[in-house]
Amino acid sequence: LRVVWWVQCPLGSLLMGSKFDLDAHSPSCRLAFFGRLLTPISDTDVPMSSLRVLKPKVKTGHVDRVTEDGYCVIGKDLFKKETDISQFVGLRVTHEPSKHVGVIEGAFGTSGKFKVRFADPLPSEWWQAGKK
């Protein structure tokens, strides 16, 4: 990463860097990176190995069923049958309708289903809707 212009800004600031390789009259600008400033930089050549590069990923699954107390969900369609779910234990999962955030506890059976535990129960009107 080569710094062309120095900008003074406080730690925690949101920075964006762009690469102007398009036509000067084009309305587009390709975004090269963005993020929060966590460490001050004072050298003109910054080795890429010193930067933490993260690529956020989003996957979508479905609720198969909810336990009686509403704290635990059995999910499906997020992983393939052959996926080692132990690699994902501890990662956060958001239940979109209620915005509750849970944590993957592990596999449920061998078909790619998984178990998620929530700190607060899911709203009962949501998970009891299918019960008679």
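Definitions and cut-offs
Residues numbered from 1 in each chain as written. Predicted model: local features only at pLDDT ≥ 70, side-chain atom pairs only at ≥ 80, totals over all residues. Heavy atoms only, no water. Patch = residues over 30% accessible without salt bridge, like charges linked within 9 Å, V, L, I, M, F, W, Y side chains within 5 Å. Areas by Shrake-Rupley, 256 points an atom, 1.4 Å probe, with all protein chains shown as cover. Salt bridge = Lys/Arg side-chain N within 4 Å of Asp/Glu carboxyl O. Lys, Arg positive; Asp, Glu negative; His and termini not counted. Charge placed at Lys NZ, Arg CZ, Asp CG, Glu CD. Helix = DSSP H or I, 4+ residues; strand = E, 2+ residues; numbered from the N terminus. Phe/Tyr/Trp six-rings, centres within 6.5 Å; stacked < 30°, edge-to-face > 60°. Buried < 20%, exposed > 50% of the residue type's maximum accessible area, 1.4 Å probe, protein only.

Moving on to a positive patch on the surface. Judged by side-chain charge, Lys55, Lys57, Lys59 and Lys80 come together as a positively charged surface patch. Counting through the fold element by element, Lys55 comes out in the loop between β2 (30–36) and β3 (62–66).

Turning our eyes to something else, we now look at the packing of aromatic side chains. The tally for this structure, following the rule as stated, stands at two aromatic pairs. For the ring pair Phe79 and Phe114, a centre distance of 5.3 Å and an interplane angle of 85° mean the geometry is edge-to-face. You can see Phe79 sitting in the loop between β4 (72–76) and β5 (92–95) and its partner Phe114 sitting in strand β7 (residues 114–118), a full 35 residues away along the chain. Given a relative accessible area of 10%, Phe79 falls into the buried group. Ring-pair connections join several aromatic residues into one group, and the members of that group are Phe79, Phe88 and Phe114.

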